[in-house]
Amino acid sequence: MRIAIASDHAAFDLKAALTVWLRAEGHEVADLGPANADRVDYPDFGYAIAAAIASGTAERGIALCGSGIGISIAVNRNPAVRCALVGEPLSAALAREHNDANVLAMGARLTGEDMARACVTAFLTTDFAGGRHSARVDKLSHPQFEELPA
């Protein structure tokens, strides 16, 4: 699978470890940065992952920052992307199965390397269920901001 991965400075070490592991598992991994642990702004790297997914350069993405929150917000600015912030494998699997998530976000300060691998494994091996979930997922890519009936 073609996977784009990026982080901020707080998650640089986790990104490096996951990149080595994913390549050893046979995946084609595009490390979108940063190149070292010097301070950077997570939105820049979140936008890079979103662009890789939207263009089809990558099939899936892994976005990492200290908490996972900031970079997930940045990634989700692109309507072609469905990024799910997770901390355990069940959420990663459900993000794929129910929401057809194409980017996984995690916080390096909250999720250890072993748990991160378990989340990534669940994310990469779970298929989208389709069916009743398809119309909902389509709405995520085509938002309509209307008032709901009372």
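The structure under discussion appears in the preceding block.
Criteria and thresholds
- Residues numbered from 1 in each chain as written.
- Predicted model: local features only at pLDDT ≥ 70, side-chain atom pairs only at ≥ 80, totals over all residues.
- Heavy atoms only, no water.
- Pairing = 2+ DSSP bridges.
- Helix = DSSP H or I, 4+ residues; strand = E, 2+ residues; numbered from the N terminus.
- Axes fitted to C-alpha atoms, helices over the stretch in contact; angles between N-to-C directions.
- Contact = heavy atoms within 4.5 Å.
- Phe/Tyr/Trp six-rings, centres within 6.5 Å; stacked < 30°, edge-to-face > 60°.
- Lys NZ or Arg CZ within 6 Å of the ring centre and 35° of its normal.
- Expected span 1.5 Å × (residues − 1).
- Core = buried A, V, L, I, M, F, W, Y, C linked by side-chain atoms within 4.5 Å.
- Buried < 20%, exposed > 50% of the residue type's maximum accessible area, 1.4 Å probe, protein only.
- 1 Å grid on protein atoms, 1.4 Å probe; cavity = no way out; pocket = protein on both sides within 12 Å on 5 of 7 lines; lining within 4 Å.
- Points joined across faces, edges and corners; volume = space filled by probe spheres on them.
- Nonpolar A, V, L, I, M, F, W, Y, C, P; charged D, E, K, R; others polar.
- Salt bridge = Lys/Arg side-chain N within 4 Å of Asp/Glu carboxyl O.

Undergrad: Whenever I open this one, the sheet that holds strand β3 (residues 60-65) confuses me. Can you help?
TA: Strand pairing in a sheet relies on backbone hydrogen bonds, with the paired strands running either antiparallel or parallel. The sheet built from 5 strands is open, its strands ordered β2-β1-β3-β5-β4 with parallel pairing. Of all the strands in the sheet, just β2 (28-31) and β4 (83-85) have a single pairing partner and so form its edges. With direction set aside, neighbouring strand axes in the sheet form an average angle of 20 degrees. The pairing of strand β1 (residues 2-7) with β2 spans 4 bridges and is classified as parallel. Note on β2: the bridge partner recorded for Ala-4 is Ala-30. Strand contacts of helix α2 (residues 42-55): β1, β3 and β5 (103-107), with the helix running at about 175 degrees to β3, the strand carrying the most contacts. Strand contacts of helix α5 (residues 113-125): β1, β3 and β5, with the helix running at about 165 degrees to β5, the strand carrying the most contacts.

Undergrad: Any chance you could explain the packing of aromatic side chains here in plain terms?
TA: Geometry of an aromatic ring pair is reported as the spacing of the ring centres plus the angle between the planes. Applying the stated criterion across every chain yields a total of 0 aromatic pairs. Positioned above the aromatic ring of Phe-123 is the side chain of Arg-60, whose terminal nitrogen or guanidinium carbon lies 5.3 Å from the ring centre.

Undergrad: Looking at this structure, I do not really get α2. What am I missing?
TA: For an α-helix, 3.6 residues make a turn, and residues three or four places apart therefore share a direction. The end-to-end C-alpha distance of α2 is 20 Å, a good match for the 20 Å that 14 residues give at a rise of 1.5 Å each. Buried-residue contacts for α2 involve β1, β3, α3 (69-75) and β5. Following α2 by one or two positions, Gly-56 has its phi on the positive side, about 85 degrees.

Undergrad: What's the story with the nonpolar core in this structure? I'm lost.
TA: Most often, soluble globular proteins keep nonpolar side chains buried together rather than apart. Of all hydrophobic cores here, the largest spans 24 residues; its most connected members are Leu-18, Leu-22, Ile-62, Leu-64, Leu-104, Met-106 and Val-120. Within the residue set of this core, elements represented by two or more residues are β1, α1 (12-24), β3, α4 (89-99), β5 and α5. When residues in this core are grouped by element, the largest group, 6 residues, is from α5. Contacts of Leu-104, omitting those with residues within four sequence positions, involve Gly-61, Ile-62, Ala-63, Cys-83, Ala-84, Val-86, Ala-92, Cys-119, Val-120 and Phe-123.

Undergrad: Can you help me understand the layout of surface pockets in this one?
TA: Using a probe with the size of a water molecule, rolled over the atoms, empty space left in the structure can be pinpointed. Taken as a whole, the largest pocket holds about 180 Å³ of empty space. Every residue lining the largest pocket is listed: Asn-76, Asn-78, Pro-79, Val-81, Arg-82, Cys-83, Ala-84, Asn-99, Ala-101, Leu-140, Pro-143 and Phe-145. In terms of residue class, the lining of the largest pocket is made up of 8 nonpolar, 3 polar and 1 charged.

Undergrad: What exactly am I supposed to notice about the pattern of salt bridges here?
TA: It is possible for side chains bearing opposite charge to pair when their charged atoms get close. Counting across every chain of the model gives 6 salt bridges. Note that Arg-2 and Glu-59 form a salt bridge whose closest N and O atoms lie 3.7 Å from each other. Within this pair, whereas Arg-2 is found in strand β1, its partner Glu-59 is found in the loop between α2 and β3, the two being separated by 57 residues in sequence. Classification of Arg-2 as partly exposed rests on a relative accessible area of 30%.

Undergrad: Would you mind going over the environment of Ala-37 with me for this structure?
TA: You can see Ala-37 is positioned in the loop between β2 and α2. When its relative accessible area of 47% is taken as the criterion, Ala-37 is described as partly exposed. As for Ala-37 and Leu-22, which are separated by 15 residues in sequence, their C-alpha atoms are 20 Å apart. Once residues within four sequence positions are removed from consideration, Ala-37 is found in contact with His-9 and Phe-12.

So yeah, pure geometry; function would need other evidence.
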